[in-house]
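Single-letter residue listing:
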Amino acid sequence: MKHEEKIPYKIYLEESEMPRAWYNLRADMKKKPAPLLNPATHKPMKAEELAGVFCDELIEQELDEDTAFFEIPEEIRNFYKMYRPSPLIRAYCLEEKLGTPARIYYKFEGNNTSGSHKLNSAIAQAYYAKKQGLKGVTTETGAGQWGTALSMACSYLGLDCKVYMVKCSYEQKPFRREVMRTYGASVTPSPSMETEVGRKILEKHPGTTGSLGCAISEAVEKAVTSEGYRYVLGSVLNQVLLHQSVIGLETKTALDRYGVKPDIIIGCAGGGSNLGGLIAPFMGEKLRGEADYRFIAVEPASCPSLTRGVYAYDFCDTGMVCPLAKMYTLGSDFIPSANHAGGLRYHGMSSILSELYDQGLMEATSVKQTEVFEAAEYFARIEGILPAPESAHAIRVAIDEALRCKETGEEKTIVFGLTGTGYFDMVAYEKFHDGMMNDYIPTDEELAAYRAKLPKIE
Ligand SMILES: *Cc1c(COP(=O)(O)O)cnc(C)c1O
C-alpha cells in the first residue's frame, strides 16, 4: 500500500474548516446558462412570476448569475454540523485490489439518515421557506431520497411537508415512505386524484405507475393552490447546485491540506446537483484559467440525456406547468424502461451543467446498469460501504479510469462523488443477484419520437 504518502484513509475537516459561503459557479462562466422562460409567453421568467411557486430568497439565488458567494446562514451551518463535514476517503483498499498506480478518493455524502447529499439543499430550502413565514412546502420524490431529506429538514424547522411520490416507488419502497412519515411528512402516490393535473393524467393513462415529471406537476399545482405553501425541488435548479457546492468546497479544502491536485473528477448525473456541487470550485479554477481538470458526468444508458439528448428548451414536468429550461433533454414525456432500477431517471439536466457540457468544459459518458451493479458490489466488498445505485455509476467510471491507468502506468489522481447508501435499493440488488436485470437501451427511433414533441422556441 502507498501509505508512505502520509494521507490518512479518511480526511475529516474540522468544523471550523467548513465553508461559510456557497459558491455560485455561474459567476465565473463567461457564457451563462440560458434563462428560464415563461411557458406561455416564451419570455425570460421574472422574479414576480416565480413568486407564486418558489420561496422569495430562493428565487433570488436562482436568478443571480453574478454573485460568486452566498453566505450560509448560521442556522443552516449548525444543521450541517450534525452530519458534516463529510469525509473524503482515500480508497487505498480499492487501489490495491485493482493494482492500479492511480490514487482514488471519494467524497462520501451518505452519512445522514436520508442517506444522500440531498439534505444539503433540503435544509437550505426549508430554512428560506420558514424565514418567509410559510406554513409548508410541497415536492415530488422518485426513489424517495429527496422526500426523506426534505421531511427531515421540515420537521427540524417545524414546517409542513407534502410529498408526491411516484406511484411505483410508493408501492416498491414502503420503508422509504415510512421514514418520511416518521419525520411527519404526508406522502401521496402520484398520479393522484388530489390535483387536476393528476386526474387528467389518470384519465389519459389509467393504471400508470407514474413518473417524476408527473409528480412535479402535481406538487407545483398543490403549492400554487394552497395558501402559505411553496414548491421546492431537489435537483436540476441553479439554487440546488449552489447549495450542493458545499460538497466541492469541502473536497477542495481537504485535498489542499495535503497538496493533492486531482486530474479527473467524476460524478453521477441525474438532474446534476451532486456533480454540479462537487465540481464547482474546481470548474471555477478551470474557467478562470488557474488550473485544468477533466470532469466526467456519468449517466445511465437507459436515460442518456447528455450523451444522446438535444440541447434545447423543454418542459421540466409532464404537466407543462413549470417554466421552460434550456437543457440537454430527452423530452419531458420520456420515461426510462420499467427494467431500469438504478435511479437517475430525470429526462433533462441542470442548465448549468448542460451549458458547460455544450462548451466542451465537461465530458459525459453513459453506462449500462448491470455494469453499474457489478461495480457497486465490487466496491461494497472492498471498501465496505454499500453504495446507492446512483452513486455506483460514478464508481463504475472511476474503476474504469483506474484500470486505464494500470495499462498506461499513469499515476493519475481520481476523485469521485459517493452520493449515498443503498439500503433502500435492495430490490434492485436482488434483481441483479438473481440475474433478472437487463440492459435495455432506448433506440434512436424511440428517442426521436420523444424529441419530436419538444416545444418549438425560436
Ligand atoms: C438524487 C440522487 C442522485 C442524483 O441526483 P443529482 O441531482 O444528479 O445529484 C444521485 N445519488 C443519490 C444517492 C441520490 O439520492
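These remarks concern the structure in this document. (Residues numbered from 1 in each chain as written. Predicted model: local features only at pLDDT ≥ 70, side-chain atom pairs only at ≥ 80, totals over all residues. Heavy atoms only, no water.)

### Focus: the state of the cysteines
- Across all of its chains, the model carries zero disulfides by this definition.
- As a non-bridged cysteine, Cys-154 has Cys-161 as the owner of its nearest cysteine sulfur, 4.2 Å distant.
- For the unlinked cysteine Cys-316, the closest cysteine sulfur is that of Cys-322, found at 5.7 Å.
- Owing to a relative accessible area of 12%, Cys-316 belongs among the buried residues under this scheme. (Disulfide = S-S within 2.5 Å. Buried < 20%, exposed > 50% of the residue type's maximum accessible area, 1.4 Å probe, protein only.)

### Quick look at the packing of helix H5 (residues 119-131) against helix H6 (residues 145-157)
- Relative orientation of the contacting elements H5 and H6 amounts to 40°, with a least axis distance of 8 Å. When the axis of H5 is compared with that of H6, the two are oblique. Judged by the twist between their axes, the crossing of H5 over H6 is right-handed. Side by side, H5 and H6 meet where Leu-119, Ser-121, Ala-122, Ile-123, Gln-125, Ala-126, Tyr-127 and Lys-130 of the first sit next to Trp-146, Ala-149, Leu-150, Met-152, Ala-153, Cys-154, Tyr-156 and Leu-157 of the second.
- Considering only residue class, the contact of H5 with H6 consists of 13 nonpolar, two polar and one charged. (Axes fitted to C-alpha atoms, helices over the stretch in contact; angles between N-to-C directions. Helix = DSSP H or I, 4+ residues; strand = E, 2+ residues; numbered from the N terminus. Parallel < 35°, antiparallel > 145°, perpendicular 65-115°, else oblique. Left-handed = near helix turned anticlockwise from the far one by under 90°. Contact = heavy atoms within 4.5 Å. Nonpolar A, V, L, I, M, F, W, Y, C, P; charged D, E, K, R; others polar.)

### Considering the side chain of Lys-118
- Counting through the fold element by element, Lys-118 comes out in the loop between strand S5 (103-108) and H5.
- Buried and unpaired, Lys-118 has Glu-390 as its nearest opposite-charge partner, separated by 5.9 Å.
- Ignoring any residue separated from it by four or fewer positions in sequence, one finds Lys-118 in contact with Gln-145, Trp-146, Ala-149, Gly-234 and Gln-244. (Lys, Arg positive; Asp, Glu negative; His and termini not counted. Salt bridge = Lys/Arg side-chain N within 4 Å of Asp/Glu carboxyl O.)

### Some words on the pattern of salt bridges
- Using the criterion set out here, one finds 25 salt bridges in the structure.
- One salt bridge in this structure joins Arg-288 and Asp-28, with 2.9 Å as the shortest N-O distance. One end of the pair, Arg-288, is in the loop between helix H12 (273-287) and strand S11 (294-300); the other, Asp-28, is in the loop between strand S2 (21-23) and helix H1 (47-50), and 260 residues separate them in sequence.
- A salt bridge links Lys-252 to Glu-285, with the nearest nitrogen and oxygen atoms 3.5 Å apart. Note that Lys-252 is positioned in helix H11 (residues 238-257) and Glu-285 in helix H12, a separation of 33 residues in sequence.
- Its relative accessible area of 15% is what places Lys-252 among the buried residues.
- The structure contains a network of salt bridges with shared partners spanning Arg-84, Lys-107, Glu-109 and Glu-250.

### Observations regarding the sheet that holds S11
- Taking strand neighbours across the sheet as the criterion, the seven strands line up as S1-S4-S5-S15-S10-S11-S14 in an open arrangement whose pairing is mixed. Of all the strands in the sheet, the pair left with one neighbour each is strand S1 (10-11) and strand S14 (363-367).
- As defined by bridge partners, S1 adjoins strand S4 (residues 88-90) across two bridges and the pair is classed as antiparallel. Residue pairing for S4: Lys-10 is matched across the bridge by Ile-89.
- Against the sheet, H12 makes contact with strand S10 (264-268), S11 and strand S15 (413-418), and its axis sits at roughly 155° relative to S10, the strand it touches most. (Pairing = 2+ DSSP bridges.)

### Describing the nonpolar core
- Ranked by size, the top nonpolar core spans 77 residues in total, and within it Trp-22, Ile-76, Tyr-80, Met-283, Leu-356 and Met-362 carry the most contacts.
- In terms of residue count, the dominant contributor to this core is H5 (eight residues).
- Setting aside residues up to four positions removed in sequence, Tyr-80 forms contacts with Met-18, Trp-22, Ile-72, Asn-120, Ile-123, His-243 and Val-246.
- Formed by 35 residues, the second largest nonpolar core is a distinct cluster that contains Ala-91, Phe-373, Ala-375 and Leu-418. (Core = buried A, V, L, I, M, F, W, Y, C linked by side-chain atoms within 4.5 Å.)

### Topic: the environment of Met-362
- Structurally, Met-362 can be placed in the loop between helix H14 (351-358) and S14.
- A relative accessible area of 4% means that Met-362 is categorised as buried.
- Considered as a pair, Met-362 and Ala-297 are 65 residues apart in the sequence and their alpha carbons are 7.4 Å apart.
- In contact with Met-362, other than residues within four places in its own chain, are Leu-275, Ile-279, Met-283, Phe-295, Ala-297, Leu-306, Leu-353, Leu-356 and Tyr-357.

### Topic: the site of the ligand
- As a structural note, the neighbourhood of the ligand is formed by 17 residues, with Lys-118, Ser-235, Ser-273, Asn-274 and Thr-419 the closest of them.
- In the environment of the ligand, an oxygen atom lies 2.7 Å from a nitrogen or oxygen atom belonging to the side chain of Ser-273.
- Asn-274 is positioned with one of its side-chain polar atoms (N or O) 2.7 Å from an oxygen atom of the ligand. (Near = heavy atom within 4 Å. Polar contact = N/O pair within 3.5 Å; in protein donor to acceptor, adjacent residues only side chain to side chain.)

### Some remarks on the packing of aromatic side chains
- Across all of its chains, the model carries 17 aromatic pairs by this definition.
- Where Phe-282 meets Tyr-293, the ring centres are 5.3 Å apart and the plane angle is 85°; that geometry is what we call edge-to-face. In this pair, Phe-282 sits in helix H12 while Tyr-293 sits in the loop between H12 and S11, placing the two residues 11 residues apart along the sequence. Comparing Phe-282 with Tyr-293 shows no difference in burial state: the two are buried.
- Each member of the aromatic cluster is reached from another via a ring pair, and the members are Phe-79, Tyr-80, Tyr-83 and Tyr-156.
- Across the ring face of Tyr-164, the terminal group of Lys-162 is positioned such that the distance to the ring centre comes to 5.3 Å.
- For the cation-ring pair, Lys-326 lies above Tyr-311, with the distance from its terminal atom to the ring centre recorded as 4.4 Å. (Phe/Tyr/Trp six-rings, centres within 6.5 Å; stacked < 30°, edge-to-face > 60°. Lys NZ or Arg CZ within 6 Å of the ring centre and 35° of its normal.)

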